[in-house]
Amino acid sequence: MRYTKALTLCLILLLALASACVSGTQPANNSAANGGPRTKKGPNDPIKIGFSMDTLKEERWQRDKDLFEKRAKEIGVQLNVQVANGSDSEQIKQAENMLTQGVDVLVVAPHNSEIAASIVESAHRQGVPVIAYDRLIKNADVDLYISHQVVKMGEMQAKYLLDHVNKKPANFVIVGGSPTDNNAILLHEGQMNILKPAVERGDVKIVADQYAKEWQASAALNIVENALTQSNNQVDAVVCSNDGTARGAVQALDAQGLTGKVLVSGQDADLASLRLIVEGKQTMTVYKSLQPLAYGAMDAAVKLARGEKVETTETIDNGFKKVPAILLEPVAVDRNTLLSTVVKDGYRKLEEICAGLPPEKCPKE
Ligand code: BGC
């Protein structure tokens, strides 16, 4: 009898312990957006925003950072920017530090779209809303996602090359971005939306399709080099997912005297790639206007800190929920549209694009 009682007590204790452990590992369900920020800020209260960045490696990220800092000054927000240099553990540590310092909202451009879910959980445990910036955070209770239309960008890259290649069937190589970045997956989805039907029609043959680790140009160079070797240099188009990887592809093509003969896509309107476009070595890029992205994220962060509603345009399923999202329009840019897009927008000056290049190659204003 005594034994049974003791056993029952033990069992109850064990069950209580187990359930405490389980609930400790569950995603925090106290969505800051639903429950409100830790202390709702009034119109004159100072607001602290943390911006956790993966990298400054690609030119665009420095611009995002500069725009965040500029906007913070304009609207009198205290901004803390941390850059993890491609390390997940560093990004988690930096985010934890910003939370300890008492940021009201965390904006995260994740290095790894899955691993960054733990940042959202930590933030929410402290009632701090999280905005996923440019790259979605998967399987997490993200409050807002702000980016460009990434699937559409993949479609634009593949469609441009398909429309301009003059061979049937044409041999295509696909160079994806980092497989741990959700954008790389979405871009590939968009590229295949265009290329799969073309393969089925017999217009395209895909001779290689690989992701470039960490978006590295050297990885892209290897992928294209191997594809050239295996196909006996019979490659007609290389769908690269961003400008950094496009430059790796151009290097591999250059070594075989194939630049200008093989079409190459990109993304970001990097200065170095705009110059390659003028030279005819890269065919196109996708221009994403960064000012509305950065300012949009900052302004939304302030609203979340004040517990105000943020206007969104759609929702994106991240595996956990339908995340409210703002997705901006990307623009395809080639030699002919360079002036009416990136230059007209003030993103780049024509002089800096053309500096040192033969003047006859440069588009005329
Ligand atoms: C961004 C691109 C960038 C790439 C590498 C992507 O998530 O959308 O603009 O080139 O990451 O950093």
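A quick note: this is a predicted structure, and the numbers were derived from the prediction, not measured.

1. A short note on the sheet that holds strand β7 (residues 204-211)
By way of backbone hydrogen bonds, the strands of a sheet pair with one another, either parallel or antiparallel.
Okay, so step 1: Strand order in the open sheet made by the four strands is β7-β6-β8-β9, with parallel pairing throughout. Strands with a single pairing partner mark the edges of an open sheet, and in this sheet they are β7 and β9 (263-264).
Okay, so step 2: Taken together, the two bridges between strand β8 (residues 237-240) and β9 define a ladder with parallel strand orientation. Paired with alanine 237 across the strands is leucine 263, a residue of β9.
Okay, so step 3: Docked against the sheet, helix α7 (residues 182-201) engages β6 (170-176), β7 and β8, running at close to 165 degrees with respect to β7.
Okay, so step 4: The strands that helix α8 (residues 217-230) touches are β6, β7 and β8; relative to β6, the one it contacts most, it runs at about 155 degrees.

2. Digging into empty space enclosed by the protein
Okay, so step 1: What the rule picks out here adds up to two cavities of 30 Å³ or more.
Okay, so step 2: In this structure, the largest cavity occupies an estimated 120 Å³ of space.
Okay, so step 3: Along its surface, the largest cavity is lined by Glu58, Arg60, Trp61, Asp134, Arg135, Asp181, Asn183, Trp215, Asn242, Gln267, Asp268 and Lys288.
Okay, so step 4: Grouping the constituent residues of the lining of the largest cavity by class yields two nonpolar, three polar and seven charged.
Okay, so step 5: Each of domain 1 (32-147 + 289-328) and domain 2 (150-288 + 331-361) gives at least three residues to the lining of the largest cavity.

3. What about the packing of helix α3 (residues 59-75) against helix α11 (residues 291-305)?
Okay, so step 1: At a closest axis distance of 9 Å, the pairing of α3 and α11 adopts a crossing angle of 45 degrees. Looking at the two axes, α3 sits oblique to α11. For the crossing formed where α3 meets α11, the hand is right-handed. Two secondary-structure elements touch here, α3 through Arg60, Asp64, Leu67, Phe68, Lys70, Arg71, Ala72, Glu74 and Ile75 and α11 through Gln291, Leu293, Ala294, Tyr295, Ala297, Met298, Asp299 and Val302.
Okay, so step 2: Taken together, the residues of the contact of α3 with α11 sort by class into 10 nonpolar, one polar and six charged.

Here is what the cut-offs are and how they apply
- Residues numbered from 1 in each chain as written.
- Predicted model: local features only at pLDDT ≥ 70, side-chain atom pairs only at ≥ 80, totals over all residues.
- Heavy atoms only, no water.
- Pairing = 2+ DSSP bridges.
- Helix = DSSP H or I, 4+ residues; strand = E, 2+ residues; numbered from the N terminus.
- Contact = heavy atoms within 4.5 Å.
- Axes fitted to C-alpha atoms, helices over the stretch in contact; angles between N-to-C directions.
- 1 Å grid on protein atoms, 1.4 Å probe; cavity = no way out; pocket = protein on both sides within 12 Å on 5 of 7 lines; lining within 4 Å.
- Points joined across faces, edges and corners; volume = space filled by probe spheres on them.
- Nonpolar A, V, L, I, M, F, W, Y, C, P; charged D, E, K, R; others polar.
- Domains from an automatic or database assignment.
- Parallel < 35°, antiparallel > 145°, perpendicular 65-115°, else oblique.
- Left-handed = near helix turned anticlockwise from the far one by under 90°.

Limitation: the analysis is restricted to geometry and does not speak to function.
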